[in-house]
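# Summary of structural features
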Amino acid sequence: MSREAENGPRSHADLGPLAEVDVRDASPEIASIYGDIARLSGIPLPALIWRHLATYPSALPEAWHALRPLYASGLAQEAAWRTVGTTLAGESAGPGVDDLRHAGLDTTAIRAYGRVLQSYNRSNPVNFVGVRLLLAALRESPPSPAPTAPSNRAWNPPLPIADLIPMVPLPAIPAEIRALIDDIAADPSIDRARVVPSLYRHLVPWPGLVRLLHDDLVPRIGTGELPDLVKRVSGALQHESDGLAPQIGAVPGLAAIEGVSGVLDRFSALIPEMIVIGTLLHNGLGEPQP
C-alpha cells in the first residue's frame, strides 16, 4: 500500500512549491527552448509556466514545437500586447516614485523595479495566449492538422530587457514577506503554498516595496476591482487566442502526457491576474512601457 493510500491524500501544502527546471540546471535541449522563448518575447528569462512544464518529460519540446511558428511570426506577441494595452488603458495602481523613495528605494532600485515590471508585462500576455492555444489544440476533437503560421512574415522581436535583479529562491524568502506575497491573491482557488508568481520573487530585497504593493492591492481585491479587471483581460485575450487557434496543429505527444492539461488550466487562472497587477503597477509608476 502506498503512503498516500495509507495516510490519505497529501495536501497541496504538503506537496511543497511547484517544481521547476531552473535555467541554470536545464539540459541543452531545454536551455535552447528557454532561450528561444525569451528571445522571441523580448525578455531575459522564461516564465514559471515553461519552467514547470519542463519537469514533465518531453512536454516543453512538444509544446514549443506547436507554438514556435506563431511566435516566430510575431502574431501571438503582437496580439497579446495590443490587447492588454487596449483593455487596461487608463487603469493604474500601486506606488509612484515619491512613495518608493519614502519606502527606501533609491533611483537605481526604482529603475530596477521598473525593469521587472516591463519584463513581466511583455512575458505574461504572451504566455497566456500560448497556454490557451495549447489547451485549444489539446481539446480539439477530432484533432486535425492546421496550416503553419506565416514563416515569411518580416518580424523582429524587441531587444530583451536586461539586468533584472535575480529572483530570490523560495526557501530564502523571509516568512513575513512570503505572507504578504501570498495575501496578494485575486483568485482564492490558486494554492499560494505551491505557486509564488515569479514577479514577486524579484522584489523580495525591497521589503518596503512589497508592503506598499500589499497594502495597495489587497483592498482592490476585496472591492472586486482587480477580479473584474482579470476577467476583462482574460476574456479579451481569449478572443485573440480563438482567432489564432486554427494556426496550431494537433499536439498528440503533449496530449499523451498525464497532468499537462491540468497544469495549463491552473496557469490560465493565475497569468491574467499577474497581467493586470503588472500593468497597473507599471502605469502607477508612471514610466512608459518599452
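Structural data are supplied above this passage.
The following paragraphs examine the structure supplied in this document.

### Quick look at the nonpolar core
If you look at the biggest cluster of nonpolar residues, it comprises 97 residues, and the most contacted ones within it are W50, L60, Y113, L203, W206 and L254. A total of 16 residues in this core trace back to one element, the largest contributor, which is helix α8 (residues 107-139). Sequence-distant contacts of L60, that is, excluding residues within four places in its chain, are made with I30, I33, Y34, I37, W50, L53 and A54.

### Description of the pattern of salt bridges
Per the counting criterion, the structure on display carries 12 salt bridges. One salt bridge in this structure joins E20 and R201, with 3.4 Å as the shortest N-O distance. A residue pair is termed long-range when its members are at least 10 positions apart, and E20 in the loop between α2 (12-15) and α3 (28-41) and R201 in helix α10 (residues 198-203) qualify at 181 residues. Residue R201 is classed as buried on the basis of its relative accessible area, which comes to 9%. In this structure, D216 and R220 form a salt bridge, with 2.8 Å as the shortest nitrogen-oxygen distance. Here D216 pairs with R220, and both are found in helix α11 (residues 207-222), just 4 residues apart, close to one helical turn. On the basis of relative accessible area, D216 is assigned to the partly exposed category, the value being 21%. The structure contains a network of salt bridges with shared partners spanning E20, R51 and R201.

### Here's the deal with the environment of V196
On the secondary structure map, V196 appears in the loop between α9 (175-183) and α10. With relative accessibility at 4%, the residue V196 sits in the buried group. Separated by 14 residues in sequence, V196 and D182 have C-alpha atoms that sit 7.3 Å apart. Excluding its chain neighbours within four sequence positions, the residues that come into contact with V196 are L48, L170, R178, I181, D182 and R201.

Cut-offs used in this document
Residues numbered from 1 in each chain as written. Predicted model: local features only at pLDDT ≥ 70, side-chain atom pairs only at ≥ 80, totals over all residues. Heavy atoms only, no water. Core = buried A, V, L, I, M, F, W, Y, C linked by side-chain atoms within 4.5 Å. Buried < 20%, exposed > 50% of the residue type's maximum accessible area, 1.4 Å probe, protein only. Helix = DSSP H or I, 4+ residues; strand = E, 2+ residues; numbered from the N terminus. Contact = heavy atoms within 4.5 Å. Salt bridge = Lys/Arg side-chain N within 4 Å of Asp/Glu carboxyl O.

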